[in-house]
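# What the coordinates show
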Amino acid sequence: MPSLKRHIPNALTCCNLLSGCVATVFALQGCFAAAMAAVVTGAVFDFFDGFAARLLHVASPIGKELDSLADDVTFGVAPASMVFALLGEAELPFSGATARLVVPYLAFLIAAFSALRLAKFNLDTRQTHAFIGLPTPANALFWSALAVGCGDTLTASPYGFYVIAALAALSCYLLVAEIPMFALKFTSYGWAANRVRYSFLLASIVLLALLGWTGFSAVIVLYVVLSILTARRTRGGHSQTDKA
């Protein structure tokens, strides 16, 4: 039993990786709803592998490395594949078959920046109770929901390419940016200490009720904006304290 117990977290991590592989296949086929379901399934496994490792006291270096590999597949390669599929269907502002063949592959920069973000996270001791840069699951959820809710609109629009390309470039930047982003970790439940978290959760419920699947993309945008505003306010408060 002890030898079996230590393999449980890694087995859950492998299920996350397999979910990412399935999501990638669905994304490349243009089945975005199924791809999103697989990404969400992977996120569930990603949560429970760490939970199981802590609960069973079997955390290991190999588990940490395997977790990053699985996360890059599910939250890096899979959303990059969605962007690849969207760019493949969008009207490109370039003439010639070569451009149409090559340009969509730029989408996989998202997978590369996701890997870089995960590597930085593993080494960054500042990210114990918060994040520096956009977490890869949030980025994957943004692209999944956007593909499901707005994919047809974006690919049909003459401006769709510009929107997709701009959002892809922005997400690559946010993944590795030195921007503090709050985590939904509660050390207490009072309003004063968790005002941003409670406000975010309440606004998220409203967005999801109003926008449906696309609401998840709006939620991630809200998360980024709130994180930036909170970081600026905190930095401003520190500056005032230093001057005093």
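In what follows, the structure referred to is the one given above.
Report follows, based on the coordinates. This one's a predicted model, so the numbers in the text were calculated from it and none came from an experiment.

With that settled, the discussion passes to the overall build of the chain. Of regular secondary structure, the chain possesses ten helices and two strands. Since a compact globule built from 244 residues should have a radius of gyration of about 18 Å, the 19 Å found for the chain is in line with a globular shape. In terms of overall dimensions, the chain has a C-alpha envelope of 60 × 55 × 35 Å along the principal axes. Burial status across the chain gives 40% buried among its 244 residues. At a minimum sequence separation of 6, the contacts of the chain that also span at least 24 residues come to 72%. With 15 positive and 12 negative side-chain charges, the chain shows a separation of 12 Å between the mean positions of the two kinds.

Looking now at the packing of helix H6 (residues 109-123) against helix H7 (residues 136-156). H7 packs onto H6 with a crossing angle of 155 degrees between their chain directions and a minimal axis gap of 10 Å. When the axes of H6 and H7 are compared, the pair comes out roughly antiparallel. Here Ile-110, Ser-114, Arg-117 and Leu-118 of H6 lie close against H7, whose contacting residues are Thr-136, Asn-139 and Trp-143. Each residue belonging to the contact of H6 with H7 can be placed in one class, and the counts come to three nonpolar, three polar and one charged.

Most often, soluble globular proteins keep nonpolar side chains buried together rather than apart. Formed by 47 residues in total, the largest nonpolar core has its most connected members in Val-83, Leu-134, Trp-143 and Ile-164. Sort the elements by how many residues they give to this core and helix H4 (residues 61-89) lands first, with eight residues. Non-local contacts of Leu-134, meaning those with residues more than four positions away in its chain, are made with Arg-117, Asn-139, Leu-174, Leu-175, Met-181, Ile-220, Tyr-223 and Val-224.

In this section: H6. End to end, H6 covers 21 Å across 15 residues, agreeing with the expected 21 Å (1.5 Å per residue, within 8%). Residues of H6 that are buried in the fold lie against H4, strand S1 (130-132), H7 and helix H8 (160-176).

Definitions and limits used
Residues numbered from 1 in each chain as written. Predicted model: local features only at pLDDT ≥ 70, side-chain atom pairs only at ≥ 80, totals over all residues. Heavy atoms only, no water. Helix = DSSP H or I, 4+ residues; strand = E, 2+ residues; numbered from the N terminus. Rg over C-alpha atoms; globule rule 2.2 N^0.38 Å. Buried < 20%, exposed > 50% of the residue type's maximum accessible area, 1.4 Å probe, protein only. Contact = heavy atoms within 4.5 Å. Lys, Arg positive; Asp, Glu negative; His and termini not counted. Charge placed at Lys NZ, Arg CZ, Asp CG, Glu CD. Axes fitted to C-alpha atoms, helices over the stretch in contact; angles between N-to-C directions. Parallel < 35°, antiparallel > 145°, perpendicular 65-115°, else oblique. Nonpolar A, V, L, I, M, F, W, Y, C, P; charged D, E, K, R; others polar. Core = buried A, V, L, I, M, F, W, Y, C linked by side-chain atoms within 4.5 Å. Expected span 1.5 Å × (residues − 1).

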